[in-house]
Amino acid sequence: MTDASILVVEDERIARENLTHVLTGSGYDVTALASAEEALREMDKKDFDLVVTDLMLPGMDGIRLLELIRAHHSPTTVIVVTGHATVANAVKAMQKGAHSYIAKPLKLDELRLQVERALKQHALSQEVLRLREIVAEGKRDLPLVGQSDIFVQLKKDVRQLAQMNCNVLIQGETGTGKELVARGIHMLSPRSHERFMAINCGTFTAELMDKELFGHEKGAFTGANRSQKGILEAADGGTVFFDEIGELPLNMQVKLLRVLQERNFLRVGGTREIPVDIRVIAATNCDLHELVEKGEFRQDLYYRLNVVTLYAPPLREHREDIPLLVGHFLEKHRQPGQTVKAIAQETLDILTSYPFPGNVRELENVVQRALALGQGAVFTPELLPDEIAETEVKAPLPTLEDMEKACIKKALAASAGNKTQAARVLGIDRVSLWRKIKRFRLE
């Protein structure tokens, strides 16, 4: 497991340098510190695959360090090294959860073997955790809430695209749930057992985006004390979601295009090409084609990303989902002591009349506010923000079923109840008309 990160904790300088030299020479990313206290502070900043610690340390000893690692950094594997090789110490270390126990003076072959075994066990443990997550994820529904026709079609498209390996562009206004659509595609895809990594292209400068996406080599810039993987490398085998792709700087557009074409990249400061297998899903709230015409977005990248386009509809286009969404958010965000469990019809009437410029995200915030302020069991209009509470309630638009029923009534009335004649007027056969009359209970 080369490229694994190892933390060495050894107070003797020569021993610390020797351990670092041997492990670095084996291809591992090594951080070496002189005390348990320093080690714990470093582990709060960075995840390590393995800790190799001396038993006898100034201040906090290796056994206590082992206990705290097990309590707060449980995925990390620990090897204990000591010059005080007694059976009692060995048993105590193993009881506290150490992977193995090595006595000084160290035999290099034994050290390399124990480190290799410990890292293999760590990798296996991580795989078990990941498989458990996959099983749990498989039991969850698609993370898209809605039963309107437009939303049912969106979920159908997501399921279909999940089985394809093509790039996808998701278009939609801010707050429409574009990332949820992307996560749904990943969740149902053959890549679901690998990572889903999201990056918002509008929150980074070009320089920071470079480091974030591609990672860097040790010494690539001031402060780069160790090599670091980027998002692309971390997501190998999985999915990378580029939110607000229209804000990606032009120089980064060139680099992303190369990744999509060549399926490899260079870390910042690196010379070795790193192969990568990722699926790219991008999202935007702007017209990318218009940006292409203005010269603000590369046409070749646009065509690479826009293999298939999905549309995340604004909430005003599927208002009939608002009651379902409110119920979902009430369950999702209710905290102990919060009492609101239902919504008054008057409140629903106001919400379905409000235009929701912030879309589903705005509705979610409204529900969270009601949960925080509500004293009773019902979400009443008093819990709405003023700008929403003052909304003029509009009469609900008739459904297709309502309009169909009205047409049948009108045709029957015009034909004085003659079903054959009414069916002819409606352009359907008599049997179909009879079934609709029964369904709508018009007799």
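Remember, it's a predicted structure, so these values are computed and weren't measured experimentally.

Rules and cut-offs
Residues numbered from 1 in each chain as written. Predicted model: local features only at pLDDT ≥ 70, side-chain atom pairs only at ≥ 80, totals over all residues. Heavy atoms only, no water. Core = buried A, V, L, I, M, F, W, Y, C linked by side-chain atoms within 4.5 Å. Buried < 20%, exposed > 50% of the residue type's maximum accessible area, 1.4 Å probe, protein only. Helix = DSSP H or I, 4+ residues; strand = E, 2+ residues; numbered from the N terminus. Contact = heavy atoms within 4.5 Å. Pairing = 2+ DSSP bridges. Axes fitted to C-alpha atoms, helices over the stretch in contact; angles between N-to-C directions. Disulfide = S-S within 2.5 Å.

A few words on the nonpolar core. One finds Leu213, Leu232, Phe242, Ile245, Ile278, Phe297 and Leu305 to be the most contacted residues of the largest nonpolar core, which totals 32 residues. Mapped onto this core, the elements with two or more residues apiece are strand S7 (196-200), helix H8 (206-214), helix H9 (231-234), strand S8 (239-243), helix H10 (250-262), strand S11 (279-284), helix H11 (288-294) and helix H12 (299-305). Ranked by residues supplied to this core, first place goes to H10 with five residues. With residues near it in sequence (within four places) discarded, Leu232 still touches Leu213, Phe214, Val240, Phe242, Val259, Phe265, Val276 and Ile278.

Right, let's get into the sheet that holds strand S6 (residues 168-171). Taken in spatial order, the five strands line up as S7-S8-S11-S6-S12 in an open sheet, and their pairing is parallel. Of all the strands in the sheet, just S7 and strand S12 (308-311) have a single pairing partner and so form its edges. If you compare each strand with its neighbour and ignore which way they point, the axes differ by 20° on average. Here S7 runs beside S8; their pairing, made up of five bridges, is parallel. Considered in S8, the bridge of Phe196 is made with Thr239.

Strand pairs in the sheet, formed through backbone hydrogen bonds, run parallel or antiparallel to each other. As summarised here, the arrangement of the five strands in space is S2-S1-S3-S4-S5, forming an open sheet in which the pairing is parallel. One side of each edge strand has no neighbouring strand; the edge strands of this open sheet are strand S2 (29-33) and strand S5 (100-103). Across the sheet, the mean angle from the axis of one strand to that of its neighbour is 20°, orientation sign disregarded. Bridge analysis of strand S4 (residues 77-82) against S5 gives four bridges, and the strand direction is parallel.

On to the pairing of S11, then. Here S11 lies mainly inside the structure; six of its six residues are buried. Of the two faces of S11, both are covered, the one formed by Arg279, Ile281 and Ala283 as well as the one formed by Val280, Ala282 and Thr284. With four bridges connecting them, S6 and S11 associate as parallel partners. Bridge pairing in S11 links Val168 to Ile281. Where S8 meets S11, four bridges bridge the pair, whose relative direction is parallel. Its bridge partner being in S11, Thr239 is matched across the sheet by Arg279.

Another aspect to go through is the state of the cysteines. One pass over the structure, following the stated rule, counts zero disulfides. The closest cysteine sulfur to the non-disulfide-bonded Cys201 is located on Cys286, 11 Å from its own sulfur.

From the geometry alone we can't say anything about function, so treat these as descriptive.
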